[in-house]
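Close look at the chain arrangement
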Amino acid sequence: MEREPPANAIRARGLTRQFASRRAVDGIDLDVPRGQALALFGPNGAGKSTLIQLLTLQLRPTRGSFTIDGLEPRRDGVALRRRLGVLSHQSFLYDDLTAAENLEFFARLYGVDDPRSRCRELLDLVDLGNRGDDRVGSFSRGMQQRVALARALVHDPAILFLDEPFTGLDPDASRKLCATLNRLRGDARTLLLVSHDLAQGIELSDRWIILRSGRIAADGVSAETDAASFESVYFDSLRRARA
Amino acid sequence: MVDPVPVNHRSGFWFWPLWTLTTAGMAVAIGLVFLYVPDERVMGAVQRIFYFHVPAAIVAFFGVFLLLAGSIGYLWTRDRRWDHLALASTEVALLFCTIVLVTGPLWAKPAWGVWWTWEAKITTTLILWLLLLGCLMVRRYAESREVGARLASIVGIFSAADVYIIYKATVWWRGQHPVVFAPDKAGGLAPKMMHAFLTCMPVFFLLFALLIFVRYRLACLEDRAEAVLDRALEN
Amino acid sequence: MSETGFIATCRLVAGKDLHLEWRTWDTSTSSLVFSLVVLVIFNFAFDLATVRELGVGRLVPGVLWSVIAFAAVIGMTRSFQLEQRHETLSALLLSPCDRSAIFFGKFVANLVKILTLELILVPLTAVLFDYDLLAVLWRMAGLLLLHTIGLTALGTLFAAIAVRVGRGEALLATLLFPASTPLFISAVKTTGVLLGTESTTSVADWLTLTAGFDLLYVFLALLTFEVVVER
């Protein structure tokens, strides 16, 4: 007799996305328990961004299904979106509004209680408490990413998707973002991180998977993986997948 | 391996019968128009354009109706075949619209001395031509066929819904002028002319059906070819 | 956390757009300057000095509505181009809000911007062409509002399409102008009646047509916006 599997934060079965003739995501099965941090690696065109877009309801799957916290996208789309936070390599911010105005706008959009104090709280979290009244357009890329992270967290999402958040960040900004993300991991939040930086990805995750041509080529547990030798593991699995 | 769009190979069988019927019909129609009907009393030989001009116009507007159906069908079911119908209707309707807009002035100049008049029907046809062109442009500029299909469906629905309103507005715009281009109503046609006209109507519909059929299948095959090519490139 | 309803979302989106406009004066200045330039060109194109001989109602409505239409195209294109910059439109769509509400917010913001432009343009034409605006003020305002609603509804949706396919004003104009022909004809006719030179056509008919057009296209746009922006 089988026990009911615990409700996973993310559960996908046979998830497929076809673009006219190309299959960007091809029959992916995924189980991400609550509170786990999953790293997604893979070459360009492997389907990482498409997978994130599918799971965040930005794209409709051609086939397959998924649930987030047991909620189905078609039926419970609104409730689902409330649970998701997305940080992308695009900042999702208005250049001509201040950091505080940006955050307040999104806070109100998500129906957050007491948006003003929530925004102040978030700006403090990302170390920009004193820059709240400056235009986002005047920020460096690193600072913009921090505001973008605050925006992703404004409604306290249970699941955070991070699509190559370290793109274009200098080492210092990168380190700061890493530190913030590590702090978030302690909150029993579920994280899905796409990264080209293998070492950083391993450091920030509990589990990792490698995507190639829309399929999972390999997976593993981060604690058992040596960050230094991971690169060869990565290239090995890609070579095997091609065969 | 899944085909992106199933191509019904058996349906290709219908091409030759349809083509034969259309060609024969057109031959008969041309024969009637040039040999059978008499010259019109006032306008002379040039009036014969009427037998192609009017059916072309009717068929073009029927094409818009098909465009509406295809667009709604695609948005409802997301089945690519509805989109292929919409695309085929857009292009074929545009073609017949062009025929109307070219034959119109060719008829008007010798018959009434003026190339163009902003009369309601011809103005509506011109605007329809622009609307259809807009649909095609949106398809062409879109980042993928799928996005193009979706956006063109919306433009198609908006355009089709608009046609009647545009017509009404242009009729009111020009006031109660006697309409220069209106073909004589049925009662005004001599019997031989009536025969010719009544033959041309179904023949043009046949031509329309043939062109839609061919374009539709072409769209299906284009999808399929793209799929095969991409798969080959992947490997 | 509470759910953000339709009206609240509209207010937020419209408020944000107008707030941005207030801060940058981006759209208003470019539309206004463009309108003035076009007005000057029309002066040379149609020798508007003859207006006094022909009567104000002959040429002014056409010129006015042409300028409004061109300026509106610029404004509405920008309202979506600004959402492309850092993919803020995707951010809006990620939120649990009703997509139609997002459209309606954009529509309202565009409407306010275009009406503000008309607030400047119309008195300007009264000065340039010497007609008595005050005598027809409220009726003119009503006509402007009624016709601008339809133009903005259609234009906002088509702008979303035009920007989505990576094109701008040219494609928007190509899509919008033929489709809004009834609006344009009605606007010119009724404004002409108002300014006195146009023979009294049935204004009530035109107003009914336009009102119907407005309702139809606001409705259709609310329905289909989601399809335009989904990926």
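Cut-offs and rules
- Residues numbered from 1 in each chain as written.
- Chains lettered and ligands numbered in written order.
- Predicted model: local features only at pLDDT ≥ 70, side-chain atom pairs only at ≥ 80, totals over all residues.
- Heavy atoms only, no water.
- Helix = DSSP H or I, 4+ residues; strand = E, 2+ residues; numbered from the N terminus.
- Buried < 20%, exposed > 50% of the residue type's maximum accessible area, 1.4 Å probe, protein only.
- Contact = heavy atoms within 4.5 Å.
- Buried area = accessible area lost by both parts, 1.4 Å probe.
- Salt bridge = Lys/Arg side-chain N within 4 Å of Asp/Glu carboxyl O.
- Polar contact = N/O pair within 3.5 Å; in protein donor to acceptor, adjacent residues only side chain to side chain.
- Nonpolar A, V, L, I, M, F, W, Y, C, P; charged D, E, K, R; others polar.
- Pairing = 2+ DSSP bridges.
- Axes fitted to C-alpha atoms, helices over the stretch in contact; angles between N-to-C directions.
- Expected span 1.5 Å × (residues − 1).
- Arc of directions from axis to C-beta.
- Core = buried A, V, L, I, M, F, W, Y, C linked by side-chain atoms within 4.5 Å.
- Right-handed = clockwise from strand over helix to strand, strands pointing away.

**Considering the environment of Arg108 of chain A**
Relative to the assigned elements, Arg108 of chain A resides in helix H3 (residues 99–109). Among the residues examined, Arg108 of chain A registers a relative accessible area of 34% and is labelled partly exposed. A sequence separation of 112 residues divides Arg108 of chain A from Gly220 of chain A, and the C-alpha atoms of the two residues are 40 Å apart. Setting aside chain neighbours within four positions, we find Arg108 of chain A in contact with Pro115 and Arg116 of chain A together with Thr4 and Leu12 of chain C.

**Focus: the interface of chain A and chain C**
Every contact between the two is made by 30 residues of chain A and, on the other side, 29 residues of chain C. Across the chain A/chain C interface, buried area totals approximately 2900 Å², and carbon plus sulfur atoms make up 59% of it. On the chain A side of the contact with chain C, Arg81, Tyr94 and Leu109 of chain A bury the most area, a combined 23% of that side's loss. Two residues, Glu230 of chain C and Arg60 of chain A, come together in a salt bridge whose shortest N-O distance is 3.3 Å. Where chain A meets chain C, there are eleven residue pairs in polar contact (both at pLDDT 80 or more). Of all the elements in the fold, those that place two or more residues in the side of chain A that touches chain C are helix H2 (77–83) and H3 of chain A. Tallying contributions element by element places H3 of chain A first for the side of chain A that touches chain C, with five residues. Per-class residue counts for the side of chain A that touches chain C are twelve nonpolar, eight polar and ten charged.

**Some words on the sheet that holds strand E7 (residues 190–194) of chain A**
Residue and element names in this part refer to chain A. Sheet architecture is open: six strands sit in the order E5-E6-E7-E3-E8-E9, paired in mixed fashion. Two strands lie at the open edges of the sheet, namely strand E5 (84–87) and strand E9 (215–221), each paired on one side alone. Across the sheet, the mean angle from the axis of one strand to that of its neighbour is 15°, orientation sign disregarded. As judged from the six bridges shared by strand E8 (residues 207–212) and E9, these two strands associate in the antiparallel manner. Its bridge partner being in E9, Ile210 is matched across the sheet by Ala218. Of the strands in this sheet, strand E3 (37–41), E5, strand E6 (159–163), E7 and E8 touch helix H1 (residues 48–55), which is tilted by about 150° from E7.

**Regarding helix H1 (residues 15–36) of chain B**
All names here are of chain B. For H1, spanning 22 residues, the distance from its first C-alpha to its last is 30 Å, which sits close to the expected 32 Å at 1.5 Å a residue. Listed in full, the buried residues belonging to H1 are Leu18, Thr22, Gly25, Met26, Ala29, Leu32 and Val33. Taken end-on, H1 shows its buried residues confined to a sector of 125°, consistent with a single buried face. H1 presents Trp16, Phe34 and Leu35 as exposed residues on the side facing more than 90 degrees away from its buried surface.

**Remarks on the pattern of salt bridges**
Residue and element names in this part refer to chain B. The final tally for this structure, using the stated rule, is 38 salt bridges over all chains. Of the charged contacts, one joins Asp83 and Arg139 as a salt bridge, the two residues approaching to 3.1 Å between their closest N and O atoms. Here the residue Asp83 occupies a position in helix H3 (residues 80–112), and Arg139 occupies one in helix H4 (residues 120–141), the gap between them amounting to 56 residues. Exposure class is identical for Asp83 and Arg139. Each is buried. Via salt bridges that share partners, Arg80, Glu91, Arg145, Arg215, Glu222 and Asp223 belong to a single interconnected network.

**With respect to the pairing of E3 of chain A**
Residue and element names in this part refer to chain A. In terms of burial, E3 is a largely internal element, five of the five residues being buried. With burial as the criterion, each face of E3 is covered, one bearing Ala37, Ala39 and Phe41 and the other bearing Leu38 and Leu40. Note: E3 against E7, four bridges, orientation parallel. Each residue of the ladder has a partner; that of Leu38, found in E7, is Leu192. Alignment of E3 against E8, held across four bridges, turns out to be parallel. Bridging from a neighbouring strand, Leu38 pairs with Arg207 of E8.

**Here's the deal with the nonpolar core**
Ranked by internal contacts, the top residues of the largest apolar core, which has 160 residues, are Leu149 and Phe161 of chain A together with Tyr131 and Phe158 of chain C. Considering every element that reaches this core, the biggest residue donor is helix H7 (residues 137–164) of chain C, with 13 residues. Non-local contacts of Phe161 of chain A, meaning those with residues more than four positions away in its chain, are made with Ile10, Ile52, Leu55, Thr56, Ile68, Leu84, Gly85, Val86, Leu87 and Leu192 of chain A. Grouped together as the second largest cluster of nonpolar side chains are 39 residues, Ala56, Ala86, Ala88 and Cys200 of chain B included.

**Here we look at the pairing of E6 of chain A**
Note on strand geometry: in a regular strand, side chains alternate between the two faces of the sheet. Residue and element names in this part refer to chain A. Of all five residues that make up E6, five are buried, and the element is covered over most of its length. Of the two faces of E6, the one lined by Ile159, Phe161 and Asp163 and the one lined by Leu160 and Leu162 are each fully buried. Judged from the four bridges that link them, E5 and E6 form a sheet pairing that is parallel. For Leu87, the partnering residue across the bridge sits in E6 and is Leu162. Direction of pairing for E6 relative to E7: parallel, over a ladder of five bridges. By the bridge assignment for E7, Asp163 is matched with Val194. Running through helix H6 (residues 171–185), the crossover from E6 to the neighbouring parallel element E7 is right-handed.

**A short note on the sheet that holds strand E2 (residues 22–32) of chain A**
All names here are of chain A. Taken in spatial order, the three strands line up as E2-E1-E4 in an open sheet, and their pairing is antiparallel. Each edge of the sheet is formed by a strand with only one pairing partner; in this case those strands are E2 and strand E4 (63–68). Put simply, the sheet's adjacent strands are angled 20° from each other on average, direction ignored. Judged from the seven bridges that link them, strand E1 (residues 10–19) and E2 form a sheet pairing that is antiparallel. Directly across from Gln18, in E2, lies its bridge partner Arg23. Sitting on the sheet, H1 is in contact with E1, E2 and E4, with an inclination near 115° to E1.

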